[in-house]
Amino acid sequence: QVQLVESGGGLVQPGGSLRLSCAASGFAFSLYVMSWYRQAPGKERELVAAIGSSGSTNYADSVKGRFTISRDNAKNTVYLQMNSLKPEDTAVYYCKVRTSWNEYWGQGTQVTVSS
């Protein structure tokens, strides 16, 4: 079955960095677009970044220039490098894949940016 397992979240000070990982299994990872979403308390879930099978990327305007999405098809893993973190980046971050037959989400990892 499809599984997405996020890791790497935590507490970081403003201006700091974190790298999130999402380990995938149960589908042909290299063929699909992988996405990172986030949901802050009281807000709707929003797209942060996505990476296509060819490596093409897109980002939310709020994270452009600070976050970088990448993938390692040999490890079936997608990453989100987050630099210059701000308090408004505080949220639960989720990994998502939409396969040919369904959409799957990970369990999420909490990122808290606070001094």
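Notes on the structure follow. Here the structure is a predicted model, which means the values were calculated and not measured. Residue numbers restart at each chain and count upward from 1, following the sequence in its written direction. Reporting in this predicted model follows two pLDDT cut-offs: at least 70 for local features of residues, and 80 or more for side-chain atom pairs to be given and counted; totals over whole chains, interfaces and linings ignore these cut-offs and use all residues. Derived side-chain values reflect all non-hydrogen atoms in the structure, with water molecules and hydrogen atoms excluded from consideration.

**Some thoughts on the overall build of the protein chain**
Here comes step 1: The helix and strand inventory of the protein chain stands at zero helices and eleven strands.
Here comes step 2: By definition, any uninterrupted DSSP run of H or I lasting at least four residues is a helix, any uninterrupted run of E lasting at least two residues is a strand, and each is numbered from the N terminus. Along the protein chain, helices and strands appear, N-terminal first, in the series β-β-β-β-β-β-β-β-β-β-β.
Here comes step 3: Radius of gyration here is computed from C-alpha atoms only, and the compact-globule reference equals 2.2 Å multiplied by the residue count raised to the power 0.38. Relative to the globule expectation of 13 Å for 115 residues, the C-alpha radius of gyration of the protein chain, 13 Å, shows essentially globular dimensions.
Here comes step 4: Dimensions of the protein chain along its principal axes, counting C-alpha atoms only, are 40 × 25 × 20 Å.
Here comes step 5: When each of the 115 residues of the protein chain is scored for burial, the buried share is 43%.
Here comes step 6: By definition in these notes, contact holds between two residues if any of their heavy atoms fall within 4.5 Å. Long-range contacts, defined as pairs at least 24 residues apart, comprise 53% of the intrachain contacts of the protein chain with a sequence gap of at least 6.
Here comes step 7: Charge assignment: positive for Lys and Arg, negative for Asp and Glu; neither His nor the chain ends contribute. The location of each charge is read from NZ of Lys, CZ of Arg, CG of Asp or CD of Glu. If you average the places of the 11 positive and of the 8 negative side-chain charges in the protein chain, the two averages end up 4 Å apart. Under the scheme applied here, a residue whose accessible area is under 20% of the maximum for its type counts as buried, over 50% as exposed, and between as partly exposed, the area being computed with a 1.4 Å probe on protein chains only.

**As for the pattern of salt bridges**
Here comes step 1: By definition, a salt bridge exists where a carboxyl oxygen of Asp or Glu is found within 4 Å of a side-chain nitrogen of Lys or Arg. Evaluation of the coordinates by the stated rule reveals six salt bridges.
Here comes step 2: When the shortest N-O distance is used, the salt bridge between aspartate 89 and arginine 38 registers 2.9 Å. Of this pair, aspartate 89 sits in the loop between β8 (77–82) and β9 (91–98) while arginine 38 sits in strand β4 (residues 34–39), placing them 51 residues apart in sequence. You'll find aspartate 89 and arginine 38 in the same group, each marked buried.
Here comes step 3: The residue aspartate 61 makes a salt bridge to lysine 64 at a minimum N-O spacing of 3.1 Å.
Here comes step 4: Exposure remark for aspartate 61: the relative accessible area of 65% places this residue in the exposed category.
Here comes step 5: Each of Arg38, Glu46, Arg66 and Asp89 takes part in one network of salt bridges that share partners.

**Looking at the nonpolar core**
Here comes step 1: As used here, the term nonpolar core means buried Ala, Val, Leu, Ile, Met, Phe, Trp, Tyr and Cys residues forming a set that is joined through side-chain atoms within 4.5 Å. With 30 residues, the main nonpolar core has Phe27, Met34, Trp36, Val78, Leu80, Met82 and Tyr93 as its most contacted residues.
Here comes step 2: Elements that contribute at least two residues to this core include exactly β3 (18–25), β4, β5 (46–51), β7 (67–72), β8, β9 and β11 (109–113).
Here comes step 3: Excluding residues within four positions of it along the chain, leucine 80 makes contact with Leu18, Arg19, Leu20, Trp36, Val48, Ala49, Phe67, Thr68, Ile69 and Tyr93.

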